[in-house]
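Coordinate inspection notes
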Amino acid sequence: MKITALLVLKCSSTGDSSSGGSTDPVVLANASDVSHFGYFQRNAAKEFILFVGRTVAKRTAPGQRQSVQHEEYKVHSYNQNGICTVAFMDDHYPVRSAFSLLNKVLDEYQKAFGESWRATQTDATQPWPYLNDALAKFQDPVEADKLLKIQRDLDETKIILVDNWFFRKKDEFSMEHLEFIRPLIVYLKEGRSWIVSWRKVQI
């Protein structure tokens, strides 16, 4: 899973791509990792990201979330009343985590800059350190979604508890019991719930 770029853009108030008079979105912040491209391709890759990012942001209406497949990228966008966050990711990055990240970036931008973006008319040239840090930190989608992080922690705790219980009790089980319980342990370790696991064993 990989995030290639994160952008924050100021969009027109209408978000209507069919309006010939609408202006292109203004880049408020931009962070990208193009290290997987060849050295001589990196500038072109950055220009491509900016072009596609503006295009997707321009076509994202206020209040809308959308995901667009563009070649090998999945581009996610979220427009909140004219300020739009855009992320370039691969197909393996969970959609829910992607939009959690977009929300977080938007919140952090508004905490840092307030409503000053409304008066911006030209692309920002100075990096926003938070966005560069986010690009690195949230390569792990679990970091971008507290719900996923909680679920993963619960799954790990469940496996530890099951293992501990099994090893404490295994001397009390007959061979028949062990053959009955082992599939349950394996099933739980695959991440399924207790209820589903128990029903499967009982059938």
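Parameters and conventions
- Residues numbered from 1 in each chain as written.
- Predicted model: local features only at pLDDT ≥ 70, side-chain atom pairs only at ≥ 80, totals over all residues.
- Heavy atoms only, no water.
- Helix = DSSP H or I, 4+ residues; strand = E, 2+ residues; numbered from the N terminus.
- Buried < 20%, exposed > 50% of the residue type's maximum accessible area, 1.4 Å probe, protein only.
- Core = buried A, V, L, I, M, F, W, Y, C linked by side-chain atoms within 4.5 Å.
- Contact = heavy atoms within 4.5 Å.
- Disulfide = S-S within 2.5 Å.
- Arc of directions from axis to C-beta.
- Pairing = 2+ DSSP bridges.
- Phe/Tyr/Trp six-rings, centres within 6.5 Å; stacked < 30°, edge-to-face > 60°.
- Lys NZ or Arg CZ within 6 Å of the ring centre and 35° of its normal.

1. Concerning the overall build of the chain
Each helix and strand in the chain was counted, giving 7 helices and 5 strands. Element order for the chain, N to C, with α for helix and β for strand: β-β-α-β-β-β-α-α-α-α-α-α. Within the chain, the fraction of its 203 residues that count as buried is 36%.

2. Quick look at the nonpolar core
In terms of nonpolar packing, the biggest core is built from 25 residues, with Ile3, Leu6, Val8, Tyr93, Leu101 and Tyr109 touching the most fellow members. Those elements that provide at least two residues to this core are β1 (3-10), β2 (26-32), β5 (83-89), α2 (95-113) and α3 (129-137). Counting residues per element, this core draws most heavily on α2, at 7 residues. Those residues in contact with Tyr93, other than ones at most four positions away along the chain, are Met1, Ile3, Ala98, Leu101, Phe138, Gln139, Asp140, Pro141 and Ala144. Counting 16 residues, the second-largest nonpolar core is a separate cluster that includes Leu9, Val27, Val75 and Phe88.

3. Things to note about the state of the cysteines
Counted under the stated rule, the structure contains 0 disulfides. Cysteine Cys11 remains unbridged, with the sulfur of Cys84 as its closest cysteine sulfur at 4.5 Å. By relative accessible area, Cys11 is classed as buried at 9%. Look at Cys84 and you get buried, because its relative accessible area is 0%.

4. With respect to α3
Residue pairs three or four apart in sequence face the same way in an α-helix, which turns once every 3.6 residues. Looking at α3, one finds that the buried residues are Leu131, Ala134 and Leu135. Taken down its axis, α3 places every buried residue within 105° of arc, on the same side. Opposite the buried face of α3, at more than 90 degrees from it, the exposed residues are Pro129, Asp133 and Ala136. Residues of α3 that are buried make contact with β1, β2 and α2.

5. Re the pairing of β1
Strand residues, when the strand is regular, have side chains that alternate between the two faces of the sheet. The buried count for β1 comes to 8 of 8 residues, which makes it a mostly enclosed element. Strand direction decides the pairing type here: β1 and β5, joined by 7 bridges, are antiparallel. Opposite Leu9, over in β5, you have Cys84 as the bridge partner. As defined by bridge partners, β1 adjoins β2 across 6 bridges and the pair is classed as antiparallel. Paired with Val8 across the strands is Ala29, a residue of β2.

6. Regarding the packing of aromatic side chains
Counted by the stated rule, this structure contains 7 aromatic pairs. Ring geometry for Tyr39 and Phe40: centres 5.3 Å apart, planes at 85°, overall edge-to-face. For Tyr39, a relative accessible area of 63% puts it in the exposed group. Using a relative accessible area of 80% as the deciding quantity, one classes Phe40 as exposed. For the ring pair Trp128 and Tyr130, a centre distance of 5.1 Å and an interplane angle of 40° mean the geometry is tilted. Over the aromatic face of Tyr78 sits the side chain of Arg65, whose NZ or CZ is 4.0 Å from the ring centroid.

That is the geometry; function is a separate question.
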